[in-house]
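Here are the chains, one letter per residue:
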Amino acid sequence: MKFLDITDTLFNGVQASSHIEFDHEKIFYCEDDISGLKSIIAIHSSKSGPAIGGCRFRQYQTYEEGLTDVLRLSRGMTEKNNAADIPFGGGKAIIFSDKPKSTELLVAFASFLNQLEGIYYSAEDMGISLEDIQLVGKHTPYVFDNVDPGSYTAKGIFYSIQAALKFYLQKDIKDSIISLQGAGSVGSELAKLLGDMGATIYVQDIDQVKLQQLSTENIHIVEDALTQECDLLSPCAVGGIFTESSIQNLGCKIIAGGANNQLLNPTIDSHLHKKGIRYIPDVLINSGGVIGLTKDILKRNDLQIEDDLKLIGKRALDSMSFAKANNMSVLEAIDGLLICLLYTS
Ligand code: NAD
């Protein structure tokens, strides 16, 4: 197994510390010929405590694309953990999905975590399930495998959506139409919470099985969540979906979802604002997962956790009010607090 600190080394033609997205502490790379593991772990900040953040299993066209993703996502984790007010720093792991996910590959990832001796704790993210991370946890202490963070993330977004519908449209959830992209860990839980409150929901996913599992009387499957006419669009799949071209055909009045880094670039925020579409930035509302993951280590009980999740909605509402009072977008309103997280992944 090859384990490298690649922070200041030219590796695969790129030096991490010279990358435009780099303002990190350390970047590590691990490669294992037997299992096929190729993984990068980025430690953005450990100022508030050990870095925590999920592990993403994804196909990247190039090594540099993966590096860019992990640099942006790990910075986002620092901001998110700060926003959730938990004593942890920000980090992230990616695994290149060149080889299929296997027990051997996840065990090799556990060895990678062991090499870092607790400066980074991993959880799940796109492409990595709770079961996967529990398997990893059999071989390393450096994981959070106590809960599925998706349901906590969904709850924080739910409270934020409730606040946004009321604030911008004077609507209750039961009278609202919500379009969801992604029926995974976050999206499916969010659809259930909103559906239980009586919302009409349209959901899109590339995975037909997940869609069928979700479909009920008020949850309808659609081809394209972005163009669906609705009150609020909740992106809960991939990043980078809002581009100059895609925002021309949006069917929503508000955007509030869990997917990290939804804007292709920061200028999209002002385009959305000019079009009258209210965009609630992901970092402001998707920190519920880290609140759930750290509840045992921080000895928080269920009531305290529920209060913490409600606080996400309250902070979102405060940001919306501030933005409106100052005639700016919500992203501008939180700029300085939660900066530079809005690039595509
Ligand atoms: P997941 O892997 O469980 O689900 C993602 C879903 O998106 C899958 O069902 C997948 O089929 C679908 N999908 C992928 N590409 C799509 C596309 N082009 N169109 C429609 N659907 C597509 O992931 P998750 O844990 O639910 O996370 C979703 C997003 O939220 C990710 O961006 C993740 O980084 C972010 N996020 C997750 C958490 C968490 O607690 N899980 C916390 C914060 C942010």
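The coordinates are above.
Quick notes on the rules
Throughout, a residue's number is its position along its own chain's written sequence, starting from 1. It should be noted that, the model being predicted, local features are given only for residues of pLDDT at least 70 and side-chain atom pairs only at 80 or more, the latter also being counted only at that level, while totals for whole chains, interfaces and linings use all residues. Only hydrogens and water are set aside when side-chain values are computed; all heavy atoms of the structure are taken into account. Numbering of helices and strands starts at the N terminus; helices are DSSP runs of H or I of at least 4 residues and strands are runs of E of at least 2. Based on C-alpha atoms, the radius of gyration is set beside the globule rule, defined as 2.2 Å times the residue count to the power 0.38. Exposure classes here rest on a 1.4 Å probe applied to the protein chains alone. A residue is buried below 20% of its type maximum, exposed above 50%, and partly exposed in between. Contacts are residue-level and defined by heavy atoms, with any inter-residue pair within 4.5 Å sufficient. To measure how exposed things are, a 1.4 Å probe is used in the Shrake-Rupley method; for residues, cover is taken only from the protein chains shown. The sign given to each residue is positive for Lys and Arg and negative for Asp and Glu; His and the chain ends receive no count. Positions of charges follow a simple convention, taking NZ of Lys, CZ of Arg, CG of Asp or CD of Glu. For two strands to count as paired, DSSP must find a minimum of two bridges between them. Lines fitted to C-alpha atoms define the axes here, with helix axes fitted over just the stretch in contact, and angles between the N-to-C directions of these axes take values from 0 to 180 degrees. Nearness of a residue to a molecule or strand requires only that one of the residue's heavy atoms be within 4 Å of it. Polar contacts, as used here, are pairs of N or O atoms within 3.5 Å; protein pairs need one atom able to donate a hydrogen and one able to accept it. Residues neighboring in sequence count only if both atoms are side-chain atoms. For any pair of crossing helices, the crossing counts as left-handed if the nearer helix is rotated counterclockwise from the farther one by less than a right angle, and right-handed if it is rotated clockwise. For this scheme, ten residues count as nonpolar: Ala, Val, Leu, Ile, Met, Phe, Trp, Tyr, Cys and Pro. Four count as charged, namely Asp, Glu, Lys and Arg, and the remainder, Gly too, count as polar. Note on definitions: the grid is 1 Å and covers protein atoms alone; a cavity is a set of points where a 1.4 Å probe fits but cannot get out; a pocket is an open set with protein on both sides within 12 Å along at least five of seven lines; lining residues have an atom within 4 Å of a point. Grid points are joined across faces, edges and corners, and a volume is the space filled by probe spheres set on the points. Only one rule defines a salt bridge in this text: a Lys or Arg side-chain nitrogen within 4 Å of an Asp or Glu carboxyl oxygen. Each pair of aromatic rings taken from Phe, Tyr and Trp, with Trp reduced to its six-membered ring, is defined by centres within 6.5 Å and is described as stacked if the planes are under 30 degrees apart, edge-to-face if over 60, and tilted in the remaining cases. To sit over a ring, a charge needs its Lys NZ or Arg CZ within 6 Å of the ring centre and within 35 degrees of the ring normal.

Caption draft 1: The overall build of the chain, seen in detail. The secondary structure content of the chain amounts to 11 helices and 12 strands. By the compact-globule yardstick of 20 Å for 345 residues, the chain fits well, its C-alpha radius of gyration being 19 Å. Overall, the chain is about 55 × 40 × 40 Å in size when its C-alpha atoms are taken along their principal axes. A total of 345 residues make up the chain; the buried ones form 57% of that total. Looking at the chain alone, contacts between residues at least 24 apart form 65% of all its contacts between residues at least 6 apart. In the structure as shown, the chain presents an accessible area of about 14400 Å², 50% of it carried by carbon and sulfur atoms. Of the side-chain charges in the chain, 30 are positive and 44 negative, and the distance between the mean point of each set is 4 Å.

Caption draft 2: Fine view of the sheet that holds strand β6 (residues 120-124). The strand order across the open sheet built from 6 strands is β1-β2-β3-β5-β4-β6, with neighbouring strands paired in mixed fashion. Strands with a single pairing partner mark the edges of an open sheet, and in this sheet they are β1 (2-5) and β6. Adjacent strand axes in the sheet meet at a mean angle of 20° when their direction is disregarded. Running at roughly 155° to strand β5 (residues 89-96), helix α1 (residues 63-83) makes contact with β2 (26-32), β3 (37-45), β4 (51-58) and β5 of the sheet.

Caption draft 3: Highlighting the pairing of β6. Of all 5 residues in β6, 5 are buried; the element is thus mostly enclosed. In the sheet, β4 pairs with β6 via 5 bridges, with the strands oriented parallel. Counted as the bridge partner of alanine 51 is tyrosine 120 from β6.

Caption draft 4: Here's a closer look at the site of the ligand. Taken together, 26 residues sit near the ligand, with Thr153, Val186, Asp205, Ala237 and Asn260 positioned nearest. Here an oxygen atom of the ligand and a side-chain polar atom of threonine 153 are 2.6 Å apart. The separation between an oxygen atom of the ligand and a polar side-chain atom of asparagine 260 is 2.8 Å. Contact with the protein chains hides 87% of the accessible area of the ligand, taken as 830 Å² for the molecule alone.

Caption draft 5: Geometry of the packing of helix α4 (residues 149-169) against helix α10 (residues 302-325). Contact geometry of α4 with α10 gives a least axis separation of 8 Å together with a crossing angle of 35°. Relative to α10, the crossing made by α4 is right-handed. Between α4, through Tyr152, Lys155, Gly156, Tyr159, Ser160, Ala163, Ala164, Phe167 and Tyr168, and α10, the contact on the second element is made entirely by Ile305, Glu306, Leu309, Lys310, Ile312, Gly313, Ala316, Leu317, Met320, Ser321 and Lys324. Of the residues belonging to the contact of α4 with α10, the class tally is 12 nonpolar, 4 polar and 4 charged.

Caption draft 6: View of the layout of surface pockets. Estimates place the volume of the largest pocket at around 1000 Å³. Lining of the largest pocket is provided by 42 residues; of these, Asp125, Met126, Gly127, Ser185 and Cys236 occupy positions nearest its centre. Looking at the lining of the largest pocket, the elements with two or more residues in it are β4, α1, β6, α3 (130-137), α4, α5 (185-196) and α9 (288-293). Residue contributions to the lining of the largest pocket peak at 5 residues, all from β4. The residue makeup of the lining of the largest pocket, split by class, is 15 nonpolar, 16 polar and 11 charged.

Caption draft 7: Region of interest: the pattern of salt bridges. According to the stated counting rule, one finds 19 salt bridges in the structure shown. Across the salt bridge formed by lysine 295 and aspartate 296, the nearest N and O atoms sit 3.5 Å from each other. Lysine 314 is the partner of aspartate 318 in a salt bridge, and the nearest nitrogen-oxygen pair spans 3.0 Å. Highlighted residues: aspartate 318 and lysine 314, both in helix α10, separated by 4 residues, approximately one helical turn. For aspartate 318, a relative accessible area of 39% corresponds to the partly exposed category. Taking relative accessible area as the criterion, lysine 314 reaches 43% and is therefore assigned partly exposed.

Caption draft 8: Summary view of the packing of aromatic side chains. The tally for this structure, following the rule as stated, stands at 13 aromatic pairs. Aromatic side chains tyrosine 29 and tyrosine 63 sit 6.2 Å apart centroid to centroid with 75° between the ring planes, which places their arrangement in the edge-to-face category. Of this pair, tyrosine 29 sits in strand β2 while tyrosine 63 sits in helix α1, and the two are 34 residues apart along the sequence. Judged on exposure class, the residue tyrosine 29 and its partner tyrosine 63 are both buried. Between tyrosine 121 and phenylalanine 144, the ring centres sit 5.5 Å apart and the planes meet at 35°, which makes this aromatic pair tilted. Here the residue tyrosine 121 occupies a position in strand β6, and phenylalanine 144 occupies one in the loop between α3 and α4, the gap between them amounting to 23 residues. The exposure classification of tyrosine 121 matches that of phenylalanine 144, with both residues buried. Between lysine 324 and the ring centre of phenylalanine 167, over which it is positioned, the NZ or CZ distance is 5.4 Å.

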